[in-house]
Amino acid sequence: MGGSGHTITVTIPRSVGFDLKKIQKIQADLVARLGHAGCYSGFDILFRQEQEFVVNPQSLEFHVPG
Amino acid sequence: MCPAKTRSEEAVVGARRAFPTTPLGVGLVYAPALEPLIRGEPGLVEVLEIEPQTFWRKNGRGGYVVDAMRLNRLAELPGARIIHGVGFPVGSGRRPDPAHLRPFIESIVLTGAEWASEHLNFNRGEDAAGTYDAGFLLPPCQTLEGACAAAASARESVAALPVPFLVENGISYLAPRPGELSDGMFLREVAERADCGIVLDLHNAWANDRNGRQPISDFLRDIPLERVRELHLAGGMLEQGYWLDAHSGPVPPELWEIAREIVPRLRNLSAMIFEIMPTYIDIVGLDVVRRELEKLHDLWRLRTLQPLPLKAAANPAPDLADTRSTALHWETTLAGLVTGRSANCQLAEELLRDPGLGVYRRLIAAYRASAVIGTLPFTGRLLIASLKPDVLDDLFDAFWKEAAPEAFGEREARNFARFLSERQIPAPISLAEVLSFDLAVIDALTENRSARVSFSFDPVLVLGGLVDHRLPHIAAPSPETFYVDVSPAGIDFGASP
């Protein structure tokens, strides 16, 4: 995007924590959304999708309903 | 005066590059997630439709910067390319921002596009502070005056671009109004007055029919079929009684039936495009997209291979100044109402009684919320995890009222970040730190800038959890200071010595 023209690379020095593929997916989606909105005249479902993950107040972990 | 209708052969095929003599074939709107189909299955995708502004960013001086590296890459993909504008629609009494023209042409040249198109909509309003983005493609002033104003705008693109120009019929969630042209006659008036081609979006026409506007059979009777060079097909969804042009999945079976009837009559057809929003590609999967493309190939075989000459048309044209003011009144009123501004006029009163207005408001809010969550992903997930839904809705509502929509995601993200930083939001871990991280990633991607972001908790634990929709329990800030270095070359995690 812009000056760099490519997705930034993630380097993780620890063996714990990240699912690399998932963070790469988040970054790819982010790059695609930084420019102008695409052709749409319907419902962008991303926010609703993210809301589908509800936090369990006991464990503070998200879970998918149902 | 509005230019009289003429059929100028030169304007269609002339000084600029002409339409290709060999039809381009079947294709789709480019999205990175579709590359396995584009690269991996020869012959499946013969033409790529590129939405150029999604590869631009806005600079601080009111201009636009083209991501030439990414567009160059698209030029290397197999198949032909065509450009489909999404930011500067021509269905307006207000001319598109002239600053867009240079990057638009640059995008055409970089991708080697065969033609370019834009929507017969508008997307800007105006108040005392100046023009603003309405955050959505809105339906044009659909009178003869509106058609004349739109034709003048389209004609400017016809004259300025190095390739043929086409206009696309839009969707309207508003009810038909007395004195309006039919959807089909409006498209005819604009295309013939501007002497340009047509992108026939069959799903838009079908959705308009389902939502109580012109029956699609009448629409297809009204439009100049010989001007149709490109066909769009898509899927949609039913939401609160309205069929939405959501580009959300497979083409409905009824629409395939209509397509099979009309395609043999589109004798100058050169491309068929399947549209699906990137968000929905993940949901439906590539197999569904592949099947839709295979159906398009079947449909492609129904074409009649006898090009039809364009018909001349002649109608007297009303005065240009009057047409623009009529269109601008419509646009200012409608854009104001969908973005929460007040308007006191008869038109506003009439529009407020139209339930379609509420559809636009809901769609704009959903789009803006998705834009914020998509561009500030860790902040967004932390907000969703930390706030009750109604509190988050109130927060968004306050932001919508404070800041006009921004069509460029980076702008919307920075505006929302500024808005958040001025508020105390209760969260189990520091929202400010997570927000700084998201902004640092945006800076690295757009400005080539590096930054070190400090954390009072283990960022691998927390950011890693948010990636996985999981918010780990943090009892208290760590005595250590953690840092994350974000640069265009990478992100590095570590703890202070």
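On a predicted model such as this, the values are computed, not experimentally measured, just so you know. (Residues numbered from 1 in each chain as written. Chains lettered and ligands numbered in written order. Predicted model: local features only at pLDDT ≥ 70, side-chain atom pairs only at ≥ 80, totals over all residues.)

Visitor: Provide a residue-level description of the overall build of chain B, including the pertinent values.
Guide: When its secondary structure is counted, chain B shows 19 helices and 17 strands. Taking 497 residues into account, the globule formula puts the C-alpha radius of gyration at 23 Å, and chain B, at 24 Å, falls close to it. If one aligns the C-alpha atoms of chain B with their principal axes, the spans along those axes are about 80 × 55 × 40 Å. The buried share of chain B, reckoned over its 497 residues, is 51%. Contacts spanning at least 24 positions in sequence make up 76% of the contacts within chain B whose residues lie at least 6 apart. (Helix = DSSP H or I, 4+ residues; strand = E, 2+ residues; numbered from the N terminus. Rg over C-alpha atoms; globule rule 2.2 N^0.38 Å. Buried ≥ 20, exposed ≤ 12 C-beta atoms within 10 Å, placed from the backbone. Contact = placed C-beta atoms within 7 Å.)

Visitor: Give me the lowdown on the overall build of chain A, citing residues and values where you can.
Guide: Helix and strand counts for chain A stand at 2 helices and 2 strands. Reading chain A from its N end, one meets helices and strands in the order α-α-β-β.

Visitor: Go over the nonpolar core, please, and point to the residues and values.
Guide: Residue and element names in this part refer to chain B. Within the largest apolar cluster, 146 residues are counted, with the highest numbers of intra-cluster contacts made by Phe-136, Ala-154, Val-167, Val-190, Ile-198, Leu-233 and Val-338. If you count residues domain by domain, this core takes at least three from each of domain 1 (9–300) and domain 2 (376–495). Not counting residues within four places of it along the chain, the set of residues in contact with Ile-198 comprises Leu-166, Val-167, Leu-187, Ala-191, Ile-223, Arg-227, Val-228 and Arg-229. Core analysis: the next-biggest nonpolar cluster, separate from the first, contains 6 residues, Phe-55, Trp-56, Val-66 and Leu-71 among them. (Core = buried A, V, L, I, M, F, W, Y, C linked by C-beta atoms within 7 Å. Domains from an automatic or database assignment.)

Visitor: Explain the pairing of strand β7 (residues 122–127) of chain B to me, and be specific about the residues and the numbers.
Guide: Residues and elements named next belong to chain B. When β7 meets strand β8 (residues 130–138), the two strands line up antiparallel, connected through 5 bridges. In the sheet register, Asp-127 faces β8, and the bridge partner there is Gly-130. Taking the residues between adjacent antiparallel strands as the criterion, β7 and β8 are bridged by 2 residues. (Pairing = 2+ DSSP bridges.)

Visitor: Break down the domain arrangement of chain B for me, citing the residues and quoting the values.
Guide: Residue and element names in this part refer to chain B. For chain B, the assigned domains are domain 1 (9–300) and domain 2 (376–495). Using C-alpha coordinates to define each centre, domain 1 is positioned 35 Å away from domain 2. Between domain 1 and domain 2, the residue contacts involve 7 residues of the former and 8 residues of the latter. Tallying contributions element by element places β8 first for the side of domain 1 that touches domain 2, with 4 residues.

Visitor: An account of the confidence of the model for chain A is requested, with residue identities and associated values reported.
Guide: All names here are of chain A. Mean pLDDT over chain A works out to 65, with 48% of the residues at or above the 70 mark. Across chain A, helix α2 (residues 46–51) holds the top mean pLDDT of 88, while strand β2 (residues 61–63) sits lowest at 49. With pLDDT under 50 throughout, residues 12–16 is counted as low confidence; its partners more than four residues away or in other chains account for 9 contacts. Within the model, pLDDT remains below 50 along residues 56–60, and this stretch shows 6 contacts once partners closer than five positions in the same chain are excluded. (pLDDT = per-residue confidence, 0-100.)

Visitor: I'd love a proper account of helix α6 (residues 183–194) of chain B, names of residues and values included.
Guide: Within an α-helix, residues lying three or four positions from one another point in the same direction, as the helix has 3.6 residues per turn. All names here are of chain B. If you check α6, its first and last C-alpha atoms are 17 Å apart, about what 12 residues at 1.5 Å a residue would give, namely 16 Å. Burial within α6 is extensive, with 11 of its 12 residues counted as buried. Three or more residues of α6 are buried, namely Asp-183, Gly-184, Phe-186, Leu-187, Arg-188, Glu-189, Val-190, Ala-191, Glu-192, Arg-193 and Ala-194. Packing partners of the buried residues in α6 comprise α5 (144–160), β9 (165–168), β10 (197–201), α7 (202–210) and α8 (216–222). (Expected span 1.5 Å × (residues − 1).)

Visitor: Summarise the pairing of β10(B); cite the residues concerned and give the values.
Guide: Side-chain positions along a regular strand alternate between the two faces of the sheet. Residues and elements named next belong to chain B. Where burial is concerned, most of β10 is hidden: 5 out of the 5 residues are buried. Residues of β10 alternate between two faces, with Gly-197, Val-199 and Asp-201 on one and Ile-198 and Leu-200 on the opposite face, all of them buried. Bridge count between β9 and β10: 3 bridges; the pairing is parallel. Of the residues in β10, the one forming a bridge with Val-167 is Ile-198. With α6 bridging β9 and its parallel neighbour β10, the resulting β-α-β unit is right-handed. (Right-handed = clockwise from strand over helix to strand, strands pointing away.)

Visitor: Talk me through the packing of helix α3 (residues 68–75) of chain B against helix α4 (residues 101–111) of chain B; I want residue IDs and the actual numbers.
Guide: Helix-helix packing is described using two parameters, namely the angle between the two axes and the distance between the axes. All names here are of chain B. Running from N to C, α3 and α4 point in directions that differ by 40°, and their axes come no closer than 8 Å. Considering the angle they form, α3 stands oblique to α4. Contact with α3, carried on its side by Ala-68, Leu-71, Asn-72, Leu-74 and Ala-75, involves Ser-107, Leu-110 and Thr-111 of α4 and no other residues of that element. Here the contact of α3 with α4 is composed, by residue class, of 5 nonpolar, 3 polar and no charged. (Axes fitted to C-alpha atoms, helices over the stretch in contact; angles between N-to-C directions. Parallel < 35°, antiparallel > 145°, perpendicular 65-115°, else oblique. Nonpolar A, V, L, I, M, F, W, Y, C, P; charged D, E, K, R; others polar.)

Visitor: Break down the environment of B:Asn121 for me, citing the residues and quoting the values.
Guide: Along the chain, the position of B:Asn121 falls in the loop between β6 (116–119) and β7. Residues in contact with B:Asn121, not counting those within four places in the same chain, are B:Pro89, B:Gly91, B:Leu137, B:Leu138, B:Pro139, B:Pro140 and B:Gly170.

Visitor: Quick one: what's the story with the environment of B:Phe455, residue by residue and with numbers?
Guide: Mapped onto the elements, B:Phe455 comes out in strand β15 (residues 451–455). For B:Phe455, the residues in contact, after removing those within four places along its chain, are B:Glu433, B:Phe482, B:Tyr483 and B:Val484.

Visitor: Describe the sheet that holds strand β5 (residues 80–84) of chain B, listing the residues and the values that go with them.
Guide: Residues and elements named next belong to chain B. On the basis of which strands lie adjacent, the closed barrel formed by 8 strands has the order β1-β2-β5-β6-β9-β10-β11-β14 and parallel pairing. Averaged over all pairs of adjacent strands, the angle between strand axes in this sheet comes to 25°, irrespective of strand direction. With 2 bridges joining them, β5 and β6 adopt parallel strand pairing. Following the sheet pairing, His-84 is matched in β6 by Ser-117. The strands touched by α4 within the sheet are β2 (47–50), β5 and β6, with β5 carrying the most contacts at an inclination of about 170°.

Visitor: Lay out unusual backbone geometry with the relevant residues and their values.
Guide: Its identity as a non-glycine residue notwithstanding, B:Asp195 has a phi of 55°, on the positive side. Along the chain, the position of B:Asp195 falls in the loop between α6 and β10.

Visitor: Which residues make up the environment of B:Ala385, and what values do they have?
Guide: Mapped onto the secondary structure, B:Ala385 falls in helix α15 (residues 377–386). In the structure, B:Ala385 is positioned 33 residues away from B:Arg418 in sequence and 20 Å away in space, judged by C-alpha atoms.

Visitor: Describe in detail the packing of helix α14 (residues 355–375) of chain B against helix α17 (residues 409–421) of chain B, supporting the description with residues and values.
Guide: Residue and element names in this part refer to chain B. Orientation of α14 relative to α17, taken along the N-to-C sense of each, is 85°, at an axis distance of 9 Å. By the angle between their directions, the pair α14 and α17 is classed as roughly perpendicular. Across the interface between the two elements, Arg-368, Ala-371, Val-372, Gly-374 and Thr-375 of α14 pack against Gly-409, Glu-410, Glu-412, Ala-413 and Phe-416 of α17. Class assignment of the residues belonging to the contact of α14 with α17 gives a composition of 4 nonpolar, 3 polar and 3 charged.

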